[in-house]
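What follows is each chain in one-letter form.
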Amino acid sequence: MSDNGPVQTRCPVLNVRRVDAYYAITVVAPGIAERFRSGQFVSVAVGGDHSSTLLRRPFAIHDVKPDYGGTVEFLFSVRGTGTAWLSERRSRDLLDVVGPLGRPFPLPRDPVNCVLVGGGSGSAPLFPLAQSLRRRGCRVDFVLGAASADRVFSAITARRIAETAVFTTDDGSFGTRGRVTDVLGGVIEDCRSDAVYACGPMPMLRAVTAVAGGHGVPVQVAVEETMACGTGVCMTCVIPVVGEDGITRMVRSCVDGPVFRGEQVRFDDVGSIPFDALGAPGWKGSSAARAAESARDIA
Amino acid sequence: MSDNGPVQTRCPVLNVRRVDAYYAITVVAPGIAERFRSGQFVSVAVGGDHSSTLLRRPFAIHDVKPDYGGTVEFLFSVRGTGTAWLSERRSRDLLDVVGPLGRPFPLPRDPVNCVLVGGGSGSAPLFPLAQSLRRRGCRVDFVLGAASADRVFSAITARRIAETAVFTTDDGSFGTRGRVTDVLGGVIEDCRSDAVYACGPMPMLRAVTAVAGGHGVPVQVAVEETMACGTGVCMTCVIPVVGEDGITRMVRSCVDGPVFRGEQVRFDDVGSIPFDALGAPGWKGSSAARAAESARDIA
Amino acid sequence: MNTDLRIRLGGWELPNPVVTAAGCAGAGRELAQFFDIASIGAVTTKSVMLEPHAGRPAPRMAETPSGMLSTTGMQGPGVDVFLQRDLPWLLSRGGRAIVSVAGAGVNEFGELARRVSAADGVGAIEVNLSSPDPSDPSGRRFVDDVSQAAAVVRTVRSHTRSGMPVLAKLAADVPDVVELATACVEARADGLSMVNTVRGMAVDTRTLRPAVAGGMGGLSGPAIRPLAVGCVYRVHEALPDVPIVGMGGVRTGADVVEFMAAGASAVAVGTVNFSDPSACARVLREFTEWLEARGLARATDLVGAAHRTGVGA
Amino acid sequence: MNTDLRIRLGGWELPNPVVTAAGCAGAGRELAQFFDIASIGAVTTKSVMLEPHAGRPAPRMAETPSGMLSTTGMQGPGVDVFLQRDLPWLLSRGGRAIVSVAGAGVNEFGELARRVSAADGVGAIEVNLSSPDPSDPSGRRFVDDVSQAAAVVRTVRSHTRSGMPVLAKLAADVPDVVELATACVEARADGLSMVNTVRGMAVDTRTLRPAVAGGMGGLSGPAIRPLAVGCVYRVHEALPDVPIVGMGGVRTGADVVEFMAAGASAVAVGTVNFSDPSACARVLREFTEWLEARGLARATDLVGAAHRTGVGA
Ligand SMILES: Cc1cc2nc3c(=O)[nH]c(=O)nc-3n(C[C@H](O)[C@H](O)[C@H](O)COP(=O)(O)OP(=O)(O)OC[C@H]3O[C@@H](n4cnc5c(N)ncnc54)[C@H](O)[C@@H]3O)c2cc1C
Ligand SMILES: Cc1cc2nc3c(=O)[nH]c(=O)nc-3n(C[C@H](O)[C@H](O)[C@H](O)COP(=O)(O)OP(=O)(O)OC[C@H]3O[C@@H](n4cnc5c(N)ncnc54)[C@H](O)[C@@H]3O)c2cc1C
Ligand SMILES: Cc1cc2nc3c(=O)[nH]c(=O)nc-3n(C[C@H](O)[C@H](O)[C@H](O)COP(=O)(O)O)c2cc1C
Ligand SMILES: Cc1cc2nc3c(=O)[nH]c(=O)nc-3n(C[C@H](O)[C@H](O)[C@H](O)COP(=O)(O)O)c2cc1C
Ligand code: FES
Ligand code: FES
């Protein structure tokens with residue numbers, strides 16, 4: 001119905017691969033591939049038409065290729081019923097996929113230096129981002145962290161694409177023992193980074209935002225909130241974000257995100273309604289704020 | 001837990017075949033095969049572990065073979081979600097099957113003449129029955145009916161096993177146009193039948209029972225009531241049956257049946273509680289009836 | 001065959017019975033990316049309040065067998081923004097609007113009704129009686145008190161311009177849904193929407209904490225369909241002339257048939273919009289095909305069929 | 001590790017918390033073909049009435065998303081046959097029995113309690129308050145009237161030999177489950193079983209008639225689990241010292257964890273016995289493995305965990 005909005009398609013599975021602790025599924029989905037920009041995700045129906053698991057599962061798009069008119073790849077680790085079912089798919093099975101969803105990473109206009117920071121499977125969207133940045137002449141450096149060696153994501157690809165790639169694991173089984181934020185400051189210094197991009201769990205994004213802020217470097221984060229719809233209609237995926245106007249709103253991470261400017265996310269208040277958020281119990285709506293609100297997004 | 005009771009097993013699918021309007025699934029299930037007697041059925045879980053279709057689907061056992069330690073075959077037509085799912089199974093998939101369930105057909109002690117009457121997929125249990133009867137030296141004749149030619153069940157096998165085989169279809173596309181009961185009386189006369197066995201929809205069983213009764217021949221019917229459990233615990237599959245003691249009880253067609261003596265089934269009252277049934281609102285429990293009840297089945 | 005899909009809600013005619021459920025389709029804009037929003041009967045918009053509301057803390061949802069639990073807590077921008085930004089967009093695309101209103105207290109409902117019914121292009125007002133009254137700290141819902149519910153309906157009706165249908169949205173988990181429905185109709189509701197989510201809870205077995213913030217949430221989706229169909233059936237039996245918008249777990253065209261046979265004139269798709277963003281269009285297509293296959297000329301002939309014998313059988 | 005699975009219902013100790021739900025396991029005989037009936041906590045027997053009852057006409061069941069609707073209408077042979085035929089069989093296999101009783105009117109409950117508690121080997125009596133009172137033609141259930149429900153509990157308690165726990169079986173679809181539970185406890189129930197099936201309906205879209213005879217049926221299975229967990233949570237919050245047998249849609253060991261965390265001391269498997277005849281044994285195994293994986297030494301430590309923070313997390 002729209003040329004750059006998401007589409008819903010039944011796509012054939014091209015293949016399902018194991019990659020260390022992850023599975024990678026590639027589907028033939030030209031409509032999604034042609035619209036894709038890095039940072040966006042797909043949502044996949046799981047369990048078949050008569051499944052008791054009603055909701056779609058969101059996955060970041062890891063790769064898009066022109067084969068067969070356009071393929072889309074996503075990676076996942078088996079976590080619960082939905083990912084277990086997905087791991088059992090075979091070539092030629094059909095998957096009901098909606099995408100691309102969400103706001104992509106904003107790309108710098110100039111060829112600046114970028115650090116890409118990822119945790120576990122949260123690293124997936126950084127790879128197409130790295131390609132886009134490289135095409136614009138940006139320098140790309142990677143910092144990838146995980147619990148253990150087999151959960152470090154595509155180390156080889158990272159080394160190939162990036163100027164430098166630093167790895168951390170909680171158990172020290174690969175790269176530096178510790179967390180991405182233990183090394184991030186050094187990387188920003190060494191690589192004279194102008195921008196940070198990060199994906200992964202909320203506590204990591206918060207720590208990365210703090211480190212980047214400490215170095216005066218802007219940071220874009222891609223969040224992973226629980227999502228019922230992924231298309232913006234259910235209001236279950238909200239997080240508190242400060243707008244350009246200084247007003248905190250509970251915004252939908254699926255359509256207003258998943259990418260946000262790190263310093264705009266009120267990490268300390270995720271999981272609560274900040275008292276000063278628009279429409280919070282304690283909030284006293286000024287007429288200015290209300291006017292701003294109604295002016296917003298009027299198409 | 002028991003040597004001749006049913007077992008529950010995850011059995012590999014050996015193959016799925018199309019047979020006219022039907023599908024035939026063969027599973028490897030030695031425990032079920034070795035316990036099987038004709039007239040019994042299996043109940044199959046459909047849709048996988050996270051399916052929203054909770055209940056098992058009952059199917060008559062159509063064939064049992066010694067291959068792979070023991071295989072069991074059942075036939076079905078696609079009717080709703082469960083049978084649609086089953087029709088999509090492939091070799092090596094696992095099915096959760098419980099069986100053999102229900103009371104089998106009683107077999108005559110002497111080598112008598114038997115007519116086997118079936119309607120559509122309801123004919124399935126008659127084939128192993130025919131084999132058993134033949135092994136006892138009985139004469140077997142078939143009367144098989146269906147809506148149309150492609151729904152007549154295993155006509156070739158029937159011709160091979162039986163002395164004679166008569167077919168009827170509603171649309172006349174195969175055999176005689178009409179219903180099994182239009183020809184049954186003639187077959188009973190011609191073949192000097194001593195016993196009738198019938199499976200199929202309730203109205204057919206009722207008509208067959210009437211014809212057999214008119215010819216003074218006993219009839220065994222296998223009913224197909226909606227079943228939630230198939231094992232006797234849910235009490236949803238009951239029909240009114242007159243016991244040897246003359247008392248009507250609402251009995252479970254899964255464990256007290258599915259095979260009953262035709263004249264004991266109160267066909268006119270299926271779908272209601274006859275006023276004189278044990279424990280019906282109008283029923284006045286005589287102490288004799290109650291004593292009979294408590295004596296029943298005391299193990 | 002030319003099947004007549006039109007249905008009426010009070011004096012308002014809709015081209016077909018498939019509508020969206022409040023809070024499950026925004027104001028139509030997001031789903032319009034997946035199908036033509038003008039093709040379905042109407043869009044019921046997310047309940048709008050007088051002021052902006054930030055809603056409840058996260059986690060706001062958990063998946064349950066054939067359903068989901070949610071607690072969004074009426075998050076929304078308030079009626080001004082709705083009337084200036086969301087409603088005009090929907091109307092500009094040819095959509096028909098049932099505007100759901102939720103007041104903090106009876107008076108706010110009156111004010112909302114006045115403003116909404118004064119706006120151009122609104123087709124009907126739905127009165128959300130089943131979410132907690134934000135002005136009552138105990139978390140009580142209007143439906144928990146029949147006379148309160150009736151008072152709200154009466155207020156909305158008297159502030160709504162005449163001719164515009166007012167639908168009272170009821171819950172299934174009330175002591176007596178027929179009594180509640182009757183009281184709303186006596187308070188001059190033109191129709192009833194039923195049902196809202198059913199209160200329930202899930203525990204996250206990883207954290208051993210309630211899966212949604214605050215503990216209790218609203219259960220929706222196919223899991224609750226039998227509860228919803230039961231309510232529609234009983235209310236239609238008692239009030240056969242009152243149009244009902246049936247909802248609760250609608251997933252397919254056959255589910256629309258089920259609700260209409262139980263007594264609904266229109267049927268709303270809610271949670272399934274989340275799992276299938278083109279669900280409304282698919283459900284309408286499946287429903288139309290069902291009518292054609294059965295040779296039924298008019299969708300309205302189905303309404304209440306389960307109360308009679310032999311309809312279209 | 002040696003996990004301690006024992007739990008207590010009043011003064012009665014069970015070896016583990018997994019029991020069967022009334023009406024979903026007969027008196028244990030059929031399921032004993034699939035697992036050792038003595039290995040689970042207890043068998044709750046189908047509600048027994050004073051006289052034989054033929055139950056309701058067919059069709060008695062319909063499948064719904066993640067659930068089923070049923071109306072068996074208390075079919076059974078009456079208490080004499082039960083005590084002479086069914087109970088002795090269960091005890092002979094080492095099974096523990098919770099005997100569910102259903103009276104037509106308050107007095108019959110007293111008589112049933114007297115006879116059942118006089119029989120050898122009964123562990124506890126469960127009072128089925130949530131099925132329609134057969135002596136009331138309106139189809140009202142005892143749970144629909146809190147004082148009636150309390151009267152039944154009081155009568156059963158006074159006719160039951162002292163020391164034998166009396167459990168009141170409640171429904172989810174009542175105006176206020178906490179009020180009902182409190183009244184039953186004040187009437188000296190030693191524990192609560194919750195919840196029974198929830199009233200609902202389905203229409204067969206082939207016949208356009210109600211799918212079960214009589215229209216309304218009882219919804220059970222995983223679909224209702226959030227309703228059941230919500231009731232257990234709220235009642236445990238109000239009455240933390242009262243043991244609860246939780247039930248409604250239990251399918252896996254994780255579901256047992258969910259109910260116990262919400263406040264149940266024991267957890268019953270109902271409808272899932274129909275779809276998986278060895279479910280009780282599997283659920284107990286999965287539950288035990290869960291405890292071991294989390295390193296919890298005692299099952300009872302889980303009870304009410306969702307009301308606290310940081311239990312076993
Ligand atoms: C925008 C976005 C992008 C994501 N990208 C990836 C990716 O590229 N690779 C990957 O492995 N995972 C990714 N995730 C997480 C992924 O969606 C979950 O692992 C998955 O939904 C788990 O489903 P399940 O049925 O196996 O688990 P269950 O725990 O059985 O799921 C139950 C419910 O919880 C939700 N849920 C569970 N875990 C998460 C989670 N971590 N985040 C959000 N919702 C969750 C599910 O969607 C479902 O609704 C992403 C999540 C989001 C929001
Ligand atoms: C003892 C017995 C033996 C049977 N043997 C055979 C056989 O050999 N071949 C065959 O094709 N069919 C047989 N049936 C019927 C078969 O069980 C149904 O066709 C099947 O359950 C339909 O499932 P579904 O999910 O496709 O249909 P749906 O209509 O989606 O099923 C919904 C529910 O209704 C029940 N149901 C639907 N149709 C029937 C029916 N005709 N009888 C009983 N329950 C039904 C299902 O079990 C399920 O619980 C037998 C039934 C019984 C009781
Ligand atoms: C996330 C969510 C938000 C909802 N918001 C509203 C609302 O704002 N107003 C309202 O009347 N109902 C609301 N509902 C209830 C739905 O309109 C509907 O009545 C209910 O979900 C049952 O239908 P379903 O099972 O198809 O979802 C909401 C439901 C969900 C799941
Ligand atoms: C077919 C059937 C029969 C039942 N019979 C009884 C009964 O006799 N007494 C009773 O108290 N509950 C009865 N119940 C209710 C169950 O014990 C249980 O409370 C309810 O089904 C919820 O649990 P579940 O979802 O695990 O089935 C019955 C339920 C079903 C489905
Ligand atoms: S997931 Fe539904 S609004 Fe974001
Ligand atoms: S199907 Fe459950 S008792 Fe027969």
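What you see is a predicted model; the values in this text were computed from it and never measured. (Residues numbered from 1 in each chain as written. Chains lettered and ligands numbered in written order. Predicted model: local features only at pLDDT ≥ 70, side-chain atom pairs only at ≥ 80, totals over all residues. Heavy atoms only, no water.)

Q: How do you make sense of the overall build of chain C when you look at a structure like this?
A: If you tally the helices and strands in chain C, you get eight helices and 16 strands. Considered along the principal axes of its C-alpha atoms, chain C spans approximately 55 × 50 × 40 Å. Classification of the 313 residues of chain C by burial places 67% in the buried group. In chain C, once contacts between residues fewer than 6 apart in sequence are set aside, the share between residues at least 24 apart is 69%. Total accessible area on chain C is roughly 9,500 Å²; 47% of this is exposed by carbon and sulfur atoms. The positive charge centre, built from 29 side chains, and the negative charge centre, built from 31, are 2 Å apart in chain C. (Helix = DSSP H or I, 4+ residues; strand = E, 2+ residues; numbered from the N terminus. Buried < 20%, exposed > 50% of the residue type's maximum accessible area, 1.4 Å probe, protein only. Contact = heavy atoms within 4.5 Å. Areas by Shrake-Rupley, 256 points an atom, 1.4 Å probe, with all protein chains shown as cover. Lys, Arg positive; Asp, Glu negative; His and termini not counted. Charge placed at Lys NZ, Arg CZ, Asp CG, Glu CD.)

Q: Is there a simple way to explain the overall build of chain A in this structure?
A: Helices and strands together make up the secondary structure of chain A, namely seven helices and 16 strands. Scaling as 2.2 N^0.38, a compact globule of 299 residues should have a C-alpha radius of gyration of about 19 Å, and chain A matches this with 19 Å. Each of the three principal axes of chain A carries a C-alpha extent, and together these read 55 × 50 × 35 Å. Within chain A, buried positions represent 58% of all 299 residues. For chain A, the proportion of contacts with a sequence separation of at least 24, taken over those separated by at least 6, is 62%. Summed over all atoms, the accessible surface of chain A reaches about 12,500 Å², with 48% contributed by carbon and sulfur. (Rg over C-alpha atoms; globule rule 2.2 N^0.38 Å.)

Q: Even after reading the chapter, I still don't get the interface of chain C and chain A, so can you show me in this structure?
A: A common measure of how large an interface is: the accessible area buried when the components associate. With 46 residues of chain C at the contact, the number on the chain A side is 44 residues. Taken together, the two surfaces of chain C and chain A that pack against each other cover about 3,700 Å², and 59% of this comes from carbon and sulfur. Together, Met61, Glu63 and Phe274 of chain C form the three largest contributors to the area buried by chain C at its contact with chain A, with a combined 16%. Remark: the boundary between chain C and chain A carries two salt bridges. Linking Arg252 of chain A and Glu30 of chain C is a salt bridge whose minimum nitrogen-to-oxygen distance equals 3.1 Å. (Buried area = accessible area lost by both parts, 1.4 Å probe. Salt bridge = Lys/Arg side-chain N within 4 Å of Asp/Glu carboxyl O.)

Q: Just to check I follow, could you spell out the sheet that holds strand S4 (residues 57-60) of chain B for this structure?
A: Strand pairing in a sheet relies on backbone hydrogen bonds, with the paired strands running either antiparallel or parallel. Residues and elements named next belong to chain B. With respect to topology, seven strands assemble into an open sheet ordered S4-S3-S7-S1-S2-S6-S5, the strand pairing being antiparallel. The outermost strands of the open sheet, each flanked by one partner alone, are S4 and strand S5 (63-65). Mean inter-strand twist for the sheet, computed between neighbouring axes without regard to direction, equals 35°. Note that strand S3 (residues 41-44) and strand S7 (residues 94-101) share three bridges and pair antiparallel. Residue pairing across strands places Val44 opposite Val97, the latter belonging to S7. (Pairing = 2+ DSSP bridges. Axes fitted to C-alpha atoms, helices over the stretch in contact; angles between N-to-C directions.)

Q: Teacher, can you tell me more about the pattern of salt bridges here?
A: Side-chain pairing between opposite charges can occur once the charged atoms of the two side chains come close. All chains considered together, the criterion is met by 69 salt bridges over all chains. Arg141 of chain C is paired through a salt bridge with Asp144 of chain C; the nearest N and O atoms lie 2.7 Å apart. Between Arg85 of chain D and Asp86 of chain D there is a salt bridge, with the nearest N and O atoms lying 3.0 Å from each other.

Q: Is there a simple way to explain helix H3 (residues 126-135) of chain A in this structure?
A: Residues spaced three or four apart along an α-helix point in a common direction, a consequence of the helix completing one turn every 3.6 residues. Residue and element names in this part refer to chain A. By the criterion of burial, H3 is predominantly enclosed, with seven of the 10 residues buried. For H3, the complete set of buried residues consists of Leu126, Phe127, Pro128, Leu129, Ala130, Ser132 and Leu133. Elements that come into contact with the buried residues of H3 comprise strand S8 (113-119), strand S9 (139-146), helix H4 (155-161) and strand S12 (195-199). With its phi angle positive at about 85°, Gly137 sits one or two positions after the end of H3.

Q: Explain the interface of chain C and chain D to me, please; I cannot follow it from the model alone.
A: Facing 43 residues of chain C, the contacting portion of chain D comprises 43 residues. Taken together, the two surfaces of chain C and chain D that pack against each other cover about 3,200 Å², and 67% of this comes from carbon and sulfur. If you look at where chain C meets chain D, you find zero salt bridges. Here chain C and chain D share 13 residue pairs in polar contact (both at pLDDT 80 or more) between them. Looking at the side of chain C that touches chain D, the elements that each hand over two or more residues are strand S11 (198-200), strand S13 (209-210), helix H5 (225-238), helix H6 (253-262) and helix H8 (279-294) of chain C. Counting residues per element, the side of chain C that touches chain D draws most heavily on H5 of chain C, at seven residues. In terms of residue class, the side of chain C that touches chain D is built from 27 nonpolar, eight polar and eight charged. (Polar contact = N/O pair within 3.5 Å; in protein donor to acceptor, adjacent residues only side chain to side chain. Nonpolar A, V, L, I, M, F, W, Y, C, P; charged D, E, K, R; others polar.)

Q: Just checking my understanding: could you explain the site of ligand 1 for this structure?
A: Of all residues adjacent to ligand 1, which total 21 residues, the nearest are Pro58, Leu75, Arg79, Gly82 and Thr83 of chain A. In this structure ligand 1 sits where residues from chains A and C come together. Here a nitrogen atom of ligand 1 sits 3.0 Å away from a polar atom, N or O, in the main chain of Ala60 of chain A. In this structure, Gly82 of chain A approaches ligand 1 through a main-chain N or O atom, which is 2.7 Å from an oxygen atom. For the shell around ligand 1, the secondary-structure elements that each account for two or more residues are strand S4 (57-60), strand S6 (71-76) and helix H2 (81-87) of chain A. Among the elements that take part in the shell around ligand 1, S4 of chain A stands out by supplying four residues, more than any other. A per-class count over the shell around ligand 1 returns nine nonpolar, seven polar and five charged. (Near = heavy atom within 4 Å.)

Q: What is the right way to read a negative patch on the surface from this model?
A: On the surface, Asp20, Asp150, Asp170 and Asp171 of chain A cluster together into a patch of negative charge. Within the secondary structure, Asp20 of chain A sits in the loop between strand S1 (7-19) and strand S2 (22-28). (Patch = residues over 30% accessible without salt bridge, like charges linked within 9 Å, V, L, I, M, F, W, Y side chains within 5 Å.)

Q: Please explain the pairing of S4 of chain A as it appears in this structure.
A: Walk down a regular strand and you will see the side chains alternate between the two sheet faces. Residues and elements named next belong to chain A. The side-chain alternation of S4 yields one buried face, formed by Arg57 and Phe59, and one unburied face, formed by Pro58 and Ala60. Examined bridge by bridge, strand S3 (residues 41-44) and S4 share four bridges and lie antiparallel to one another. Bridge pairing in S4 links Phe41 to Ala60.

Q: Would you explain the environment of Pro218 of chain A in this entry?
A: Residue and element names in this part refer to chain A. Among the structural elements, Pro218 can be located in the loop between helix H6 (202-214) and strand S13 (219-222). Separated by 22 residues in sequence, Pro218 and Val196 place their C-alpha atoms 6.3 Å apart. The residues contacting Pro218, other than those within four sequence positions of it, are Asp194, Ala195 and Val196.

Q: How do you make sense of the site of ligand 4 when you look at a structure like this?
A: Looking at ligand 4, there are 22 residues lining it, with Ala22, Ser47, Gly221, Gly249 and Thr271 of chain D nearest. Ligand 4 sits at the junction of chains B and D, each of which supplies nearby residues. Here Ser47 of chain D contributes a side-chain N or O atom positioned 2.6 Å from a nitrogen atom of ligand 4. Within the side chain of Lys169 of chain D, a nitrogen or oxygen atom sits 2.8 Å from an oxygen atom of ligand 4. In isolation ligand 4 offers 600 Å² of accessible surface; the protein chains occlude 98% of this area. Partitioning the shell around ligand 4 into residue classes produces eight nonpolar, 12 polar and two charged.

Q: Can you help me understand the pairing of strand S15 (residues 248-252) of chain B in this one?
A: Residue and element names in this part refer to chain B. Of all five residues in S15, five are buried, a share of seventy percent or more. Of the two faces of S15, the one carrying Thr248, Met250 and Arg252 and the one carrying Arg249 and Val251 are both buried. Looking at chain direction, strand S14 (residues 238-242) and S15 are connected through five bridges and run antiparallel. Note on S15: the bridge partner recorded for Pro240 is Met250. Adjacent in sequence and paired antiparallel, S14 and S15 are bridged by five residues, among which Gly246 carries a positive phi angle near 80°.

Q: Can you help me understand the nonpolar core in this one?
A: Side chains of a nonpolar character, in soluble globular proteins, are inclined to be buried together. Residues Leu129, Leu170, Leu192 and Met194 of chain C together with Leu129, Leu192 and Met194 of chain D are the most contacted members of the largest nonpolar core, which totals 261 residues. What Leu192 of chain D contacts, discounting residues up to four positions off in sequence, is Leu167, Ala168, Leu170, Ala181, Cys184, Val185, Val235, Leu239, Val242, Pro243, Ile244 and Val245 of chain D. Core analysis: the next-biggest nonpolar cluster, separate from the first, contains 31 residues, Cys114, Phe127, Leu144 and Ala162 of chain A among them. (Core = buried A, V, L, I, M, F, W, Y, C linked by side-chain atoms within 4.5 Å.)

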